[in-house]
Every structure is written in structure tokens, then in C-alpha cells.
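For reference, the chains in residue letters:
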Amino acid sequence: YIACREQGVPMHSERLSATFPLQKRKKTKLAKYYKEICNYLNIGLPPFKAISSLKWVGERVEYSMYSYENDQPYEETLKLPPDVIREATKLLSKIPDSETGSSPLGIAASMLYIVSVTSGHPFTQRQFAEAAEVNLQTVSRNTKRLNDIIKKNKLGKHIDHNTRYHRIV
């Protein structure tokens, strides 16, 4: 976990415990051991921020489209454009960390989702949740929170969640 943090690879305890199966009791001690090792070795790592994982999540999002050409089926994979990642970075940098929430990967996925919807790209919350390796409810909850912040502070385009299909406002 420390090596991943030093290299800038987004990692959370659920992903680590999936890699190395731990009992529930041992998962809670992971943070304690992490802090003890950092203190003992004088390793000072800054808090993990959502803005640092935007690129990592954005590069992993993809949308598979199935179509026919000359009566032959083919699959085309659509990736998230780099301009969406840049726009999400600009937008997230305007929001204070104290207002965003506690799940950096979920926040990154949610911000990318908001920007992709307002840019007209056909990605879903589920695709962003899978790319960030977080729960769909995490992305949904963070999307509503971030959308409200964008709307309240007039930071840019936001999504109207009251319609069946999200409308850009």
C-alpha cells in the first residue's frame, strides 16, 4: 500500500484486500499498521486527493459498441477523450477538498461522469464505477453532491437529476 501511494497508483483498502484476501478483523487493522510503519520509517505521504486519480480513472473508462457493417457484426471500443479529463481536472480544482467527500476514487469517477454527460459522451455511472473500482452507489452519491456544489457555486454545466434522462443545464 505504501509503495502504491509513493508511486501515485490509486489504491484503497477494498482493492488491497481483494488482492490479498484478509479477514474482516484484519482489514480494520490495515490502516493502523500503515500508520505505524509510516511513523517508524519516517515516511510522510500527503493525503490522497481525488484530483490525482482523475487521469487514472479516465484512462480506464471504455464503452463497447456493437454494430454491423456489410452484414458483419463488429465491436468498437470508445475511450474517454482527454479533453474530458482536462475539463474535470479544472472543475475539481475549483472545489475545496472539504466539500467533496471521503472517497477520492469515487469523487474522481463522479466528476468525470458529470463532465462526460455535459459534453455529450455516452458513458454511464456504472462504467465509471467499474473503472474506479468503487461501488455504483458511491459514484451516484458523489455525483449528486458534486452536482449540487457546481450548481450552487455556478462553476459550470451541471446535470438536472429530476428528469428520466439527465438533462444538461
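Preceding block: the structure.
Just so it is clear, the structure is predicted and the values come from calculations on it, not from any experiment.

## Brief notes about helix α9 (residues 136-153)
For the α-helix, the turn length of 3.6 residues means that residues three or four positions removed from each other point alike. The terminal C-alpha atoms of α9 lie 26 Å apart, and with 18 residues this matches the ideal 26 Å at 1.5 Å per residue to within 8%. For α9, the set of buried residues is T138, V139, N142, T143, L146, N147, I149 and I150. Taken around the axis of α9, the buried residues stretch over an arc of 160°, which confines them to a single face. After α9 finishes, the residue K154 shows a positive phi value of roughly 50°.

## A look at the packing of aromatic side chains
Counted under the stated rule, the structure contains three aromatic pairs. Arranged with centres 6.0 Å apart and planes meeting at 70°, the rings of F123 and F128 form a pair that is edge-to-face. Using a relative accessible area of 5% as the deciding quantity, one classes F123 as buried. Given the relative accessible area of 0%, F128 is considered buried.

## Structural notes on the environment of Y66
Turning to its location among the elements, Y66 is positioned in strand β1 (residues 62-69). By relative accessible area, Y66 is classed as exposed at 65%. Residues Y66 and T77, eleven residues apart in the sequence, show an inter-C-alpha distance of 8.7 Å. For Y66, the contacting residues outside a window of four places in its chain are Y74 and E75.

## Notes on the side chain of S110
Considering the arrangement of structural elements, one finds S110 in helix α7 (residues 104-118). Residue classification places S110 among the buried positions, given a relative accessible area of 0%. In terms of polar contacts, S110 uses its side chain to reach the backbone amide nitrogen of T143, at 3.4 Å. Sequence-distant contacts of S110, that is, excluding residues within four places in its chain, are made with T138, V139, N142, T143 and L146.

## Thoughts on the environment of Y68
Note that Y68 resides in strand β1. A relative accessible area of 62% means that Y68 is categorised as exposed. With residues up to four places along the chain from it excluded, the contact list for Y68 reads P73 and Y74.

## Some details on the pairing of β1
For a regular strand, side-chain orientation follows a simple rule: the groups alternate between the two sheet faces. Direction of pairing for β1 relative to strand β2 (residues 72-79): antiparallel, over a ladder of eight bridges. Note on β2: the bridge partner recorded for S67 is Y74. What sits between the antiparallel neighbours β1 and β2 is a turn of two residues, in which N70 has the positive phi angle 55°.

## So, α7
For α7, with 15 residues, the first-to-last C-alpha span of 21 Å sits near the 21 Å given by 1.5 Å per residue. Counting buried positions along α7 yields 15 of 15 residues, so the element is predominantly enclosed. Two residues or fewer past α7, G120 is found with a positive phi of approximately 85°.

## Remarks on the nonpolar core
Membership of the largest hydrophobic core comes to 32 residues, with the highest contact counts inside it found for L54, V57, V61, L80, M111, L112 and F128. Where this core is concerned, the elements lending two or more residues are α4 (54-60), α5 (82-93), α7, α8 (125-132) and α9. Examining the composition of this core, we find that ten residues originate from one element, α7, more than from any other. Once you skip the residues sitting within four places of it in the chain, L112 turns out to touch L54, V57, G58, L80, V84, I85, A88 and F128.

## Some points on unusual backbone geometry
A positive phi angle, close to 55°, is found at N42, a residue other than glycine. The topology assignment puts N42 in the loop between α3 (24-40) and α4. For N42, a relative accessible area of 69% translates into the label exposed. Backbone geometry places E133, a non-glycine residue, at a positive phi of 60°. Inspection of the secondary structure assignment puts E133 in the loop between α8 and α9. Relative accessible area serves as the criterion here: at 31%, E133 is assigned to the partly exposed category.

Calculation criteria
- Residues numbered from 1 in each chain as written.
- Predicted model: local features only at pLDDT ≥ 70, side-chain atom pairs only at ≥ 80, totals over all residues.
- Heavy atoms only, no water.
- Helix = DSSP H or I, 4+ residues; strand = E, 2+ residues; numbered from the N terminus.
- Expected span 1.5 Å × (residues − 1).
- Buried < 20%, exposed > 50% of the residue type's maximum accessible area, 1.4 Å probe, protein only.
- Arc of directions from axis to C-beta.
- Phe/Tyr/Trp six-rings, centres within 6.5 Å; stacked < 30°, edge-to-face > 60°.
- Contact = heavy atoms within 4.5 Å.
- Polar contact = N/O pair within 3.5 Å; in protein donor to acceptor, adjacent residues only side chain to side chain.
- Pairing = 2+ DSSP bridges.
- Core = buried A, V, L, I, M, F, W, Y, C linked by side-chain atoms within 4.5 Å.

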